[in-house]
Amino acid sequence: EDRLKRKVAAGEKGNTNSNLADVVTPATADAAFEDRLKRKAAAGGEDKTNTNLSDVVAAATSDAAFEDRLKRKAGGSANKDISTSTKKIGVVLASKDEGMVPENQAHPEEIAFPLNRAAVHFAEPRLEPIRENLPSDVESGSNKMEPNAVSDLAFDSNRQSVGTDGGDIQGGQNGQQSRSSARHSIMSSAISMINASVRVATEYLATATLVEENEVELGEVVVAERVGIFERKWKAFASFFCFVLVAIVGALIMIPALTKNKEEKMGPTPTDVPSMLPSSSPSFDPRPTLEIVQERGHVRCGQRRGSNNPVMCRAVASVLFGDPNRFKTFTVLPGEYQHLHKRSVDLITAARSTIENDVRESTTGSGFTFSSPYLHDNIVYAGHEFFVQCAEERNRHGECSSLIICRAGCHCGIDVVQSRFPSSFTITAPGNELAEMLFNSTCNVVTTSKSNLFGESVIKLSDENNSNVFVGDNPIADNSFGLVTRKDDKEFSDIINWVLAALIYGEENGLKNDPSRCQNFTSLPIQTIDLNFMNAVYCVGNYDWILDQVIRQYSLNPDTRNQISNGTSGMLYAIPFHDWDKGFSAAAASNDDSDALNVIKKRRLNCGVTVPDSFDGVITSSKKLVGMSVDYCKALAAAIFSGSPDQVNVTAFSQNDGFVALNNGVIDVLAGAKVEKKYDFANPSLNLEGFDFSSAYYYGNETVGEDLSIFALATREDDAGFSSFVNCIVWATLHAQEKSIRREESMNMPLLPWFGQDFEWALRDVINHIGSYDQLYEKHFGLISSEERGRNRLNEGGPLVHSIPGLSH
C-alpha cells in the first residue's frame, strides 16, 4: 500500500490512458486460476516461472464490476487514502509459540483465493484479530517469512504500473510485448507472494481473511489475547469436579455403614430401654458362654416384647454377678431364634417349647435347649357364641358361612387357623386391635391366648358394648414358654434352668426377696455347681412374685397350671410336637446325623437301669418303676432298629454306679435316672461330667417342700442329637396318651423327620411296642385310681410347677 501511494504521488510516466482492462482482459479466459492456486498452496507454494499470466488473473477479471470499481477508484484524488480505493488481502498470522492455534490444526489444503469474495480460510474457520505494528519486510519469492508478517497486493487502475514487493512492471500503450512482459512480471510476483504466504500458513497461520471495504472498517486493528487455562481445559476441570462430587457423596453414604459396623463390633450400647435390633456378635467365639459373659460384665437378655421390668433377666444377673442390674435387654421379635443362634443374645426369657425347636428349629436349622416350662397358656376361639362353635367344629357352610375370624399377625396361633380355614374366612390384624374389631363387627370370632383374653382392653370394650365374650371350651393349641439357650453350651443352659428351679424352690419354701442376703461377689466360684442360685430369690423374688409381675404387666388371666403342684393333680405333660399344623420345611426335615445313633445302629443298644440297693430280682421281668424303665430301653431299641425291641443289652445299676457307667461309656443311656443337681452339672467330687435328662416319666409322692423324686432317661452331654432322640421316646408315650392313640393305632403317630429316613418311623415303632403311657403304666402298676397315681397321670389343667432336688437355703 505504501509503494502504491508513493507511485501515485510521484506520477510515474506511462500510458495513463491505458485501461487496466487492456492488461487483464486476456487473462479472463482461464477459469482454472483458483484451482491452480489451491493446488499450489497444497504443494507448498513452489515457484513455477512458466505459469501463464492468464492462470493468475483470469478469476480476478471475470467480474465486470471489479474492473469498474478499479476505474472509479483510479479516477479519484491522488491524495485520498489508498486504503479506501483498493481491495485488500489481509493475511492474519499467529505464532504457535504464543499458544493461539496448535500447529496440527492448520490445513493449508483448505486455502481459497477468489479476489472478489469476502473471505479466504487457510485453517479452521476461526477469525483471529490482526496484530498491531506488523513488519512488512517480506521479500518476494523468498522461501521464508517471519511470523506475523503481512503482504499486501494492490492494484491502481489510473497508473500504468503495478507495484509489488519484487519490483515494477511497465506496460506499453500499444505493444503486445509490453503486455506480455507485464503479465509475466505480475504472475511471478503473485506466485512468489502466494508461495511465501502458503509457507507461513503451513507453519504459523491460524486464519486468512479476504475482506471488502464495506465489510470491515479499514485500519481497525485488534490484538489477539491468550486463551485462559479454564477455557482451554474446561473438560478436565469439569471431570475433576465431578470426581470430587462423587467422592463426597460416597463418603456420606459409607460413614453410617462404617459406624454401624463399628457399633456391632463393640457390642450393644448400655441402655435401660430394650433394643429392637440387637447387634450381632463380631465373630464366633468358641469360649464357653459363661466365660464370655463374665468378661463382658453383663448378660444379653432377649425378650419377645419390650419390658420395663424384665424380672427374669434380673434373676439371671443376680446369680451370675450378684448384681440384678448387670444385664441388657433386647427385643428379639421377629426372628427370635436367629438372634440367639447368631449370639446376639445369650438367652431368650420366654420362647415356645416344642419338640421341633428342641431338635431342629426351622428358621435356623439348629436345636435349642429349653428350661422346664414356667408359663403355660392355651390358644382359644372367643366371640359370638354361635360362630365360636362353628369355628371349633371347623364348619364354614350353611349358617356358618358368615364366619369371619380375626387373628393376630404375630400370634403363635396363626398357623393352626390357616390350616383349618381358607384365607377368605380370616383377617390378620395387630393383636391390640382384635378386641375392637370384634365389637365393631369386623369379625365375629377372634383367636387369642386364654390368659390374655380378659385383658383390660377386652373388659373395657365388653362393658361399653354391654355384651359378653364367649370363650370356647376346646383349646385349638397349647403354649408352653421356657427360658431358651443355645444347644452347644450345656453348662450355660444348666445355669439358666437352675435359676428357674431356685425361683420355684423359693416359693415352695416361703422364701422372698431379702436384700440383706443378696450376695454380691466379684468373681465366680471355680466350679459352676457352686454358684449361689438362691441369689435369684434374695435379690429379686420368688416364682410367685415374678409371675405376678408378668401377669400385671400384660393384664393376663392366671392359668392354674402355673401354680405349685401339691401332688393331687397329674404332672405328665407332652409339649407340642411342632409349631401347630404348618408342616416341616426342607431344612427342618434334613438329616441330623448323630454319632451315637450311627454307632449304636452298627451293634446293639447298651441300656442301664437303676434299681434299689436291695433289689435281687430278674431285671427283665420286673414290675413297677424298674419294669417301666426296662420297657423304655426296649422302646428305644425299637426306634433305632426299625421296630426290633430285642436289639438291646439291659444292665442293672445302683443310682451312683449307673451314672459312672454312663460317664465312662459302658452304657449308652441310663433308664430310671434320678434328676438331681449333682448329676446335672459336672461334679469333680464324684468324678462325673454333666448329663442330659429327658422329660420325666415318673414322679414320687413327696409333699410340697420336700425334694421331689423325678425319674427320666439320662444321656451324656457330648451328643446333643442323641439326647434329643432319646427325649422323643418318652415324649411319644405322653403324646399318644394325650391324643388317645393306643398301641393298636400306632400308625396315627407322626413321622419323625429330623434324624434321617432310617428313623422316620421311630415314634410309631415306640407306640407299636409299648403303647401309650397309660397302657405302659397299667402294665407295671395295674389298674389303680387316678387319685392313687398322684402326679403320674396326664395333666388336665391342674398345677404343673415343681422344683428340682438339690437346692438348699
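Refer to the preceding data block for the structure.
Residues numbered from 1 in each chain as written. Predicted model: local features only at pLDDT ≥ 70, side-chain atom pairs only at ≥ 80, totals over all residues. Heavy atoms only, no water.

Notes on the overall build of the protein chain
At step 1: The helix and strand tally for the protein chain stands at 28 helices and 20 strands.
At step 2: Across the 809 residues of the protein chain, 51% fall into the buried class.
At step 3: Of the accessible surface of the protein chain, which amounts to about 38,500 Å², a share of 49% is contributed by carbon and sulfur atoms. (Helix = DSSP H or I, 4+ residues; strand = E, 2+ residues; numbered from the N terminus. Buried < 20%, exposed > 50% of the residue type's maximum accessible area, 1.4 Å probe, protein only. Areas by Shrake-Rupley, 256 points an atom, 1.4 Å probe, with all protein chains shown as cover.)

Quick look at the state of the cysteines
At step 1: Here the structure, examined in full by the defined rule, presents 5 disulfides.
At step 2: With a sulfur-sulfur separation of 1.8 Å, Cys518 is cross-linked through a disulfide to Cys539. Disulfide Cys518 to Cys539: torsion about the S-S bond roughly 100 degrees, handedness right-handed. Note that Cys518 is positioned in the loop between helix H18 (490-508) and helix H19 (535-539) and Cys539 in helix H19, a separation of 21 residues in sequence.
At step 3: For Cys539, a relative accessible area of 8% translates into the label buried.
At step 4: The disulfide that involves Cys607 links it to Cys633, with 1.9 Å between the sulfurs. The S-S bond linking Cys607 to Cys633 shows a torsion near -55 degrees; that makes this disulfide left-handed. Here Cys633 lies in helix H22 (residues 624-640) and Cys607 lies in strand S15 (residues 605-610), a separation of 26 residues in the sequence.
At step 5: According to the relative accessible area criterion, Cys607 is buried, its value standing at 1%.
At step 6: Counting only the cysteines that take part in disulfides, in the order they occur along the protein chain, gives the pairing 1-2, 3-4, 5-6, 7-8, 9-10. (Disulfide = S-S within 2.5 Å.)

Re a nonpolar patch on the surface
At step 1: A surface patch of nonpolar side chains, amounting to about 540 Å² of accessible area, comprises Phe240, Phe243, Val244, Ile248 and Leu252.
At step 2: In this fold, Ile248 is placed in helix H8 (residues 234-266). (Patch = residues over 30% accessible without salt bridge, like charges linked within 9 Å, V, L, I, M, F, W, Y side chains within 5 Å. Salt bridge = Lys/Arg side-chain N within 4 Å of Asp/Glu carboxyl O.)

Concerning the side chain of Arg793
At step 1: Positionally, Arg793 belongs in the segment after helix H28 (786-789).
At step 2: For the buried Arg793, no salt bridge exists, and the shortest N-O distance to an oppositely charged side chain is 5.7 Å, to Glu796.
At step 3: Here the side chain of Arg793 touches Ser786 through a polar contact of 2.9 Å, landing on its backbone oxygen.
At step 4: Within the structure, the side chain of Arg793 is placed 2.9 Å from the backbone oxygen of Gly790, a separation counted as a polar contact.
At step 5: Ignoring anything within four residues of it in the chain, the contact list for Arg793 reads Thr568, Ser569, Gly570, Met571, Leu572 and Ser786. (Lys, Arg positive; Asp, Glu negative; His and termini not counted. Polar contact = N/O pair within 3.5 Å; in protein donor to acceptor, adjacent residues only side chain to side chain. Contact = heavy atoms within 4.5 Å.)

With respect to helix H13 (residues 385-392)
Residue pairs spaced three or four apart in an α-helix point in one direction, given the helix's 3.6 residues per turn.
At step 1: Within H13, burial applies to Phe387, Val388, Cys390 and Ala391. What you see down the axis of H13 is that its buried residues fit within an arc of 155 degrees, all on one side.
At step 2: Taken together, the buried residues of H13 touch strand S9 (375-383), strand S10 (405-408), strand S12 (445-449) and strand S13 (470-471).
At step 3: Note on H13: the residue one or two positions beyond its end, Arg394, has a positive phi of about 60 degrees. (Arc of directions from axis to C-beta.)

Observations regarding unusual backbone geometry
At step 1: Residue Lys624 is not a glycine yet carries a positive backbone phi of 50 degrees.
At step 2: Checked against the element boundaries, Lys624 lands in helix H22.
At step 3: Lys624 gets classed as exposed once you look at its relative accessible area, which sits at 54%.
At step 4: Although it is not a glycine, Asn687 adopts a positive phi angle of roughly 60 degrees.
At step 5: Positionally, Asn687 belongs in the loop between helix H24 (677-680) and strand S18 (691-693).

Let's talk about the pattern of salt bridges
At step 1: Within this structure, the stated rule accounts for 14 salt bridges.
At step 2: A salt bridge links Glu295 to Arg287; its shortest N-O distance comes to 2.8 Å.
At step 3: Exposure remark for Glu295: the relative accessible area of 60% places this residue in the exposed category.
At step 4: Arg287 gets classed as partly exposed once you look at its relative accessible area, which sits at 25%.
At step 5: For Glu717, the salt bridge is made with Lys490, and the minimal N-O distance between the two is 3.5 Å. Residue Glu717 is located in the loop between strand S20 (710-716) and helix H25 (720-738), and its partner Lys490 is located in helix H18; the two are separated by 227 residues in the primary sequence.
At step 6: The exposure class assigned to Glu717 is partly exposed, which follows from its relative accessible area of 27%.
At step 7: If you follow the salt bridges from partner to partner, you end up with Lys490, Asp494, Asp680, Asp692 and Glu717 in one network.

Focus: the side chain of Arg352
At step 1: Mapped onto the secondary structure, Arg352 falls in strand S7 (residues 347-352).
At step 2: Within polar-contact distance, the side chain of Arg352 engages the backbone oxygen of Asp478 at 2.6 Å.

Focus: helix H26 (residues 762-770)
At step 1: Buried residues dominate H26, accounting for 7 of its 9 residues.
At step 2: Among the residues of H26, those classed as buried are Ala762, Leu763, Arg764, Asp765, Val766, Ile767 and Ile770.
At step 3: Looking at the buried residues of H26, the elements they touch are H22, H25 and helix H27 (773-781).
At step 4: The first or second residue beyond H26 is Gly771, which carries a positive phi of 80 degrees.

Details of the pairing of strand S16 (residues 648-653)
At step 1: As defined by bridge partners, S15 adjoins S16 across 6 bridges and the pair is classed as parallel. Note on S16: the bridge partner recorded for Thr610 is Phe653.
At step 2: Since S15 and S16 lie parallel, the crossover through H22 that links them has a hand, and here it is right-handed. (Pairing = 2+ DSSP bridges. Right-handed = clockwise from strand over helix to strand, strands pointing away.)

Focus on the nonpolar core
At step 1: Among the nonpolar cores identified, the biggest contains 117 residues, and Phe533, Leu605, Tyr632 and Phe725 are the most heavily contacted of them.
At step 2: For this core, the leading source of residues is H18, giving 11 residues.
At step 3: With residues up to four places along the chain from it excluded, the contact list for Phe725 reads Leu597, Leu636, Ala639, Ile640, Leu752, Phe755, Phe759 and Ala762. (Core = buried A, V, L, I, M, F, W, Y, C linked by side-chain atoms within 4.5 Å.)

Details of the environment of Pro612
At step 1: Structurally, the position occupied by Pro612 is in the loop between S15 and H22.
At step 2: For the pair Pro612 and Ala652, spaced 40 residues apart in sequence, the C-alpha to C-alpha distance is 9.6 Å.

Quick notes on the environment of Glu385
At step 1: Inspection of the secondary structure puts Glu385 in helix H13.
At step 2: For Glu385, a relative accessible area of 44% puts it in the partly exposed group.
At step 3: On a C-alpha basis, the gap between Glu385 and Gly472 in space is 8.1 Å, while along the polypeptide they are 87 residues apart.

Notes on the packing of aromatic side chains
At step 1: For the structure on display, the rule yields 16 aromatic pairs.
At step 2: Grouped by ring-pair contacts, the aromatic residues Tyr698, Phe711, Tyr773, Tyr777 and Phe781 constitute a single cluster. (Phe/Tyr/Trp six-rings, centres within 6.5 Å; stacked < 30°, edge-to-face > 60°.)

Topic: the pairing of strand S17 (residues 669-674)
At step 1: With 5 of its 6 residues buried, S17 lies for the most part within the structure.
At step 2: Direction of pairing for S15 relative to S17: parallel, over a ladder of 3 bridges. When the sheet's bridge partners are listed, Gly608 is paired in S17 with Leu670.
At step 3: Relative to S20, S17 is paired through 3 bridges, and the arrangement is antiparallel. Looking at S20, one finds that Ala673 is bridged to Ala712.

Some points on the packing of helix H9 (residues 289-296) against H18
At step 1: Contact geometry of H9 with H18 gives a least axis separation of 7 Å together with a crossing angle of 70 degrees. Viewed along their axes, H9 and H18 adopt a mutual orientation that is roughly perpendicular. Of H18, the residues touching H9 (which contributes Thr289, Leu290 and Val293) are Glu491, Phe492 and Ile495.
At step 2: The residue inventory of the contact of H9 with H18, partitioned by class, reads 4 nonpolar, 1 polar and 1 charged. (Axes fitted to C-alpha atoms, helices over the stretch in contact; angles between N-to-C directions. Parallel < 35°, antiparallel > 145°, perpendicular 65-115°, else oblique. Nonpolar A, V, L, I, M, F, W, Y, C, P; charged D, E, K, R; others polar.)

A closer look at the packing of H22 against H27
At step 1: Where H22 meets H27, the axes come as close as 8 Å, and the angle between the chain directions of the two elements is 135 degrees. Relative to H27, the element H22 lies oblique. The way H22 lies across H27 gives a crossing that is right-handed. Contacts between H22 and H27 involve Lys624, Leu625, Gly627, Met628, Asp631 and Tyr632 from the former and Tyr773, Leu776, Tyr777, Lys779, His780 and Phe781 from the latter.
At step 2: Residue composition of the contact of H22 with H27, grouped by class: 7 nonpolar, 2 polar and 3 charged. (Left-handed = near helix turned anticlockwise from the far one by under 90°.)

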